[in-house]
Amino acid sequence: MAEALLTARRLTKAYGALKATDSLSLDVIHGEIHAVIGPNGAGKTTAIKQLSGEVASDQGTIHLGGRDITRQPMHERARLGLARSFQITSVFGGFTAEDNVAMAVQAHDGHSFRFWRRARSEAALREPARRTLEQVGLGGRGGVIARNLAHGEQRQLEIAMALATDPSLLLLDEPMAGMGPDEANRMVALLGGLKGRVAILLVEHDMDAVFALADRVTVLVSGREVATGSPDAIRADPVVRQAYLGEDA
Amino acid sequence: MSDASRTTAVSRAPAEGKAGRLETGWRAALLTCVAAALLVLPPAAEALDEAFLIGLFTRIFIFALAAVSLDLILGFGGMVSFGHSAYFGAGAYVVGILSFHAAGGEAPAWPFSLPWMESAVAAWPLAVAAAALLALLVGAVSLRTSGMYFIMITLAFAQMLYYFFVSLEVYGGDDGLSIAGKNNLPGLDLENEASFYYLCLLILVVFLLIGRRLVHSRFGMVLQGCKENEQRMLALGFPVYRYKLAAFVMAGAVAGLAGALMANYMGFVSPGLMHWTVSGEIMVMVILGGMGTLAGPVIGAFVLLLLEEILSAYMEHWMIVLGPVMVLVVLFARRGIWGWFQRGDPDG
Ligand SMILES: Nc1ncnc2c1ncn2[C@@H]1O[C@H](COP(=O)(O)OP(=O)(O)O)[C@@H](O)[C@H]1O
Ligand SMILES: [Mg+2]
């Protein structure tokens, strides 16, 4: 197996008596799309929150590129290359789409104690922002106030913001939730196009998308990993079929 | 349409391009009229035997300065600080205490009671520094909380300072301190009402111009991002706390300058300057005029203090009128008076 970019070991997070994640271990390989699937309440979002640093783990360790980030706060992890999209769309609603992405470029650039120059006139922020919008299919929509974008466009915008920080790993929490079939197809194409350049941890309910995109799949049930393997192996796994896929079949 | 104007309109908000341009012209005209009126006000007021207007407008400028500084964190940064009077009062007390010692008061000798303490060149920067330091301490603690807790903690710190000065008998306790005369400024006689008026106006204008650069700079964008969606800022990798604290200190520093001017204007300082009702009044100015704009708090200060001046002549409880006015503003002009005028252009 190739070297892992992200290594999580025995991650646990309890809410009272409920273990949202229970000794979860996970390796995300450089450039791969690693899908995490599981029924509602399985702990997928909690796992993403633990990895991104929004929620502190009760136990376990997380390494990114060999570096221990278990105790790093969310913004430090972002600076080390973890970018994230939220299950519930999270953008700067009052900013234009281009402002949203320019903010991400600025975050990556790392110099924000600047008080004089007009940020909206800085080519170093605006040009990468426009390019990234183009890349996710939002070229020409840059001037629209984010909250006025269609739902699917806002999800694309979130991907653009994540990409603009030039991450090594994207943590995507149900990027296709609430999308129509056309929008979902476009998102699949977009994510597929990123394969090999950036690693992606993809939480997604849309099984067609998962099996089309993923190099590796982890199945989570009640906070526990029940199986990890190639899409074909997961599809064939009797335990998985019973525990999860069985519901759909 | 020229190419240049097209580019500007598009880079702002294409949907509102036309209206935005029209209003830009309208705004320039309004601004010119206001500036002209304010410049001729002192001689005009004296000629008409209404010299009290000079003092009234000086007070408006000073409060406007404090209100704009609050809006920097409240309107742009989304930090609902309910203790802004603390920095205002701290700045005022620095001027008061220095002049008390300079006039040969009772407390410690060296290095006090030197002529420099009556000089604005020394006293005002000290007032600014003291207020900034106070804001640094309060902000460092308060900014670890958010929402209701943040409001309560900033309020609590201000009230602590208020009671501290009430109990500080050396400096007059409840009664406060009288100031012998205004600070000295080389080349300008601050005892002259009109000179002091122009100085306060100049300081306000300079701060508005600086503020205009600031809110559109990278730092300003971060500040606005924190207000829009702090979680997102963290997820993007911004050490949000640091930026918010920096803004909090700047706002405190400017409020401290406003306080130093206020001490000079009133000729005395008292703990009343730090009372929570003063924080409330400054906040009302911001909300009334329009949060998240620079012009808004200035308009709010004008409207509130003029209302107070006019209404208090007729009735003791003029605040009764203010309540309904606030309700109307919040109901019909969410972004305040200025927001209602400019409809959606955030560049004010
Ligand atoms: N902040 C919280 N407090 C209490 N329980 C929570 C919290 N967040 C998640 N949970 C619980 O943890 C479990 C896993 O939730 P989540 O990670 O959102 O699942 P998924 O994303 O797989 O649907 C659920 O039972 C949920 O109710
Ligand atoms: Mg979830």
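Going by the structure above, here's the rest.
Source: prediction; values computed, not measured.

Details of the overall build of chain B
Here's step 1: Secondary structure assignment for chain B yields 13 helices and 2 strands.
Here's step 2: Split into buried and exposed, the 348 residues of chain B put 53% on the buried side.
Here's step 3: In chain B, 76% of the contacts between residues at least 6 apart in sequence involve partners at least 24 apart.
Here's step 4: Here chain B has roughly 15,500 Å² of accessible surface; of this, 69% comes from carbon and sulfur atoms.

Re the nonpolar core
Here's step 1: Counting 159 residues, the largest nonpolar core has L157 and L191 of chain A together with W124 of chain B as the members making the most contacts within it.
Here's step 2: In terms of nonpolar packing, the next biggest core, distinct from the first, is built from 22 residues, L5, A42, L169 and L201 of chain A among them.

Side note on the interface of chain A and chain B
Here's step 1: Facing the 38 residues of chain A at the interface are 29 residues of chain B.
Here's step 2: Between the two partners, chain A and chain B, sit 3 salt bridges.
Here's step 3: With its nearest N and O atoms 2.6 Å apart, the salt bridge here joins R218 of chain B to D109 of chain A.
Here's step 4: At the surface where chain A touches chain B, the tally comes to 17 residue pairs in polar contact (both at pLDDT 80 or more).
Here's step 5: Looking at the side of chain A that touches chain B, the elements that each hand over two or more residues are α2 (74-79), β6 (82-85), α3 (97-109) and α5 (151-164) of chain A.
Here's step 6: For the side of chain A that touches chain B, the residue count by class is 16 nonpolar, 11 polar and 11 charged.

A word on the environment of M266 of chain B
Here's step 1: Here M266 of chain B is to be found in helix α9 (residues 240-266).
Here's step 2: C-alpha separation for the pair M266 of chain B and S178 of chain B, spaced 88 residues apart in sequence, amounts to 9.1 Å.

Re the packing of aromatic side chains
Here's step 1: Inspection of every chain in the model, using the stated rule, returns 20 aromatic pairs over all chains.
Here's step 2: Note on F238 of chain B and Y243 of chain B: the rings are 6.2 Å apart at their centroids and 80° apart in plane angle, and the pair reads as edge-to-face.
Here's step 3: Residue F238 of chain B is classed as buried on the basis of its relative accessible area, which comes to 2%.
Here's step 4: Grouped by ring-pair contacts, the aromatic residues F113 and F115 of chain A together with F219, F238 and Y243 of chain B constitute a single cluster.
Here's step 5: Directly above the aromatic system of F86 of chain A lies the positively charged group of R84 of chain A, at a separation of 4.0 Å from the ring centroid.
Here's step 6: Seen from the ring of F211 of chain A, R235 of chain A lies directly overhead, with NZ or CZ sitting 4.3 Å from the centre.

So, the coordination of the magnesium ion (ligand 2)
Residue and element names in this part refer to chain A.
Here's step 1: The protein atoms that coordinate the magnesium ion (ligand 2) are T45 (OG1) and Q87 (OE1), at distances spanning 2.0 to 2.2 Å. Of this pair, T45 sits in helix α1 (residues 44-52) while Q87 sits in the loop between β6 and α3; the two residues are 42 residues apart in sequence, bridging distant segments of the chain.
Here's step 2: Judged by relative accessible area, which is 22%, T45 ranks as partly exposed.
Here's step 3: Look at Q87 and you get partly exposed, because its relative accessible area is 33%.

A few points about the packing of α3 of chain A against α5 of chain A
All names here are of chain A.
Here's step 1: Two elements in contact, α3 and α5, have axes separated by 8 Å at closest approach and are oriented at 25°. Judged by the angle between their axes, α3 and α5 are roughly parallel. Along this stretch, α3 crosses α5, giving a crossing that reads as right-handed. Where α3 abuts α5, its residues A97, N100, V101, A104, V105 and H108 lie against L157, A160, M161 and A164.
Here's step 2: Partitioned by chemical class, the residues of the contact of α3 with α5 number 8 nonpolar, 2 polar and no charged.

Regarding the pattern of salt bridges
Here's step 1: Scanning all chains against the criterion turns up 18 salt bridges over all chains.
Here's step 2: Across the pair R216 of chain A and E32 of chain A runs a salt bridge, and its minimum N-O distance is 3.1 Å. Of the two residues, R216 of chain A sits in strand β9 (residues 216-221) while E32 of chain A sits in the loop between β2 (18-29) and β3 (33-37), which places them 184 residues apart along the sequence.
Here's step 3: Notably, a salt bridge pairs E230 of chain B with K244 of chain B, separated by 2.8 Å at the nearest N-O pair. Taken together, the residues E230 of chain B in helix α8 (residues 218-236) and K244 of chain B in helix α9 connect sequence positions 14 residues apart.
Here's step 4: For E230 of chain B, a relative accessible area of 31% translates into the label partly exposed.
Here's step 5: Overall, K244 of chain B belongs to the buried group, its relative accessible area being 8%.

What counts and what doesn't
Residues numbered from 1 in each chain as written. Chains lettered and ligands numbered in written order. Predicted model: local features only at pLDDT ≥ 70, side-chain atom pairs only at ≥ 80, totals over all residues. Heavy atoms only, no water. Helix = DSSP H or I, 4+ residues; strand = E, 2+ residues; numbered from the N terminus. Buried < 20%, exposed > 50% of the residue type's maximum accessible area, 1.4 Å probe, protein only. Contact = heavy atoms within 4.5 Å. Areas by Shrake-Rupley, 256 points an atom, 1.4 Å probe, with all protein chains shown as cover. Core = buried A, V, L, I, M, F, W, Y, C linked by side-chain atoms within 4.5 Å. Salt bridge = Lys/Arg side-chain N within 4 Å of Asp/Glu carboxyl O. Polar contact = N/O pair within 3.5 Å; in protein donor to acceptor, adjacent residues only side chain to side chain. Nonpolar A, V, L, I, M, F, W, Y, C, P; charged D, E, K, R; others polar. Phe/Tyr/Trp six-rings, centres within 6.5 Å; stacked < 30°, edge-to-face > 60°. Lys NZ or Arg CZ within 6 Å of the ring centre and 35° of its normal. Donors = N, O, S within 2.8 Å, 3.2 Å for Na, K, Ca; no water. Axes fitted to C-alpha atoms, helices over the stretch in contact; angles between N-to-C directions. Parallel < 35°, antiparallel > 145°, perpendicular 65-115°, else oblique. Left-handed = near helix turned anticlockwise from the far one by under 90°.

In short, the description is geometric, and any link to function would need to be established separately.
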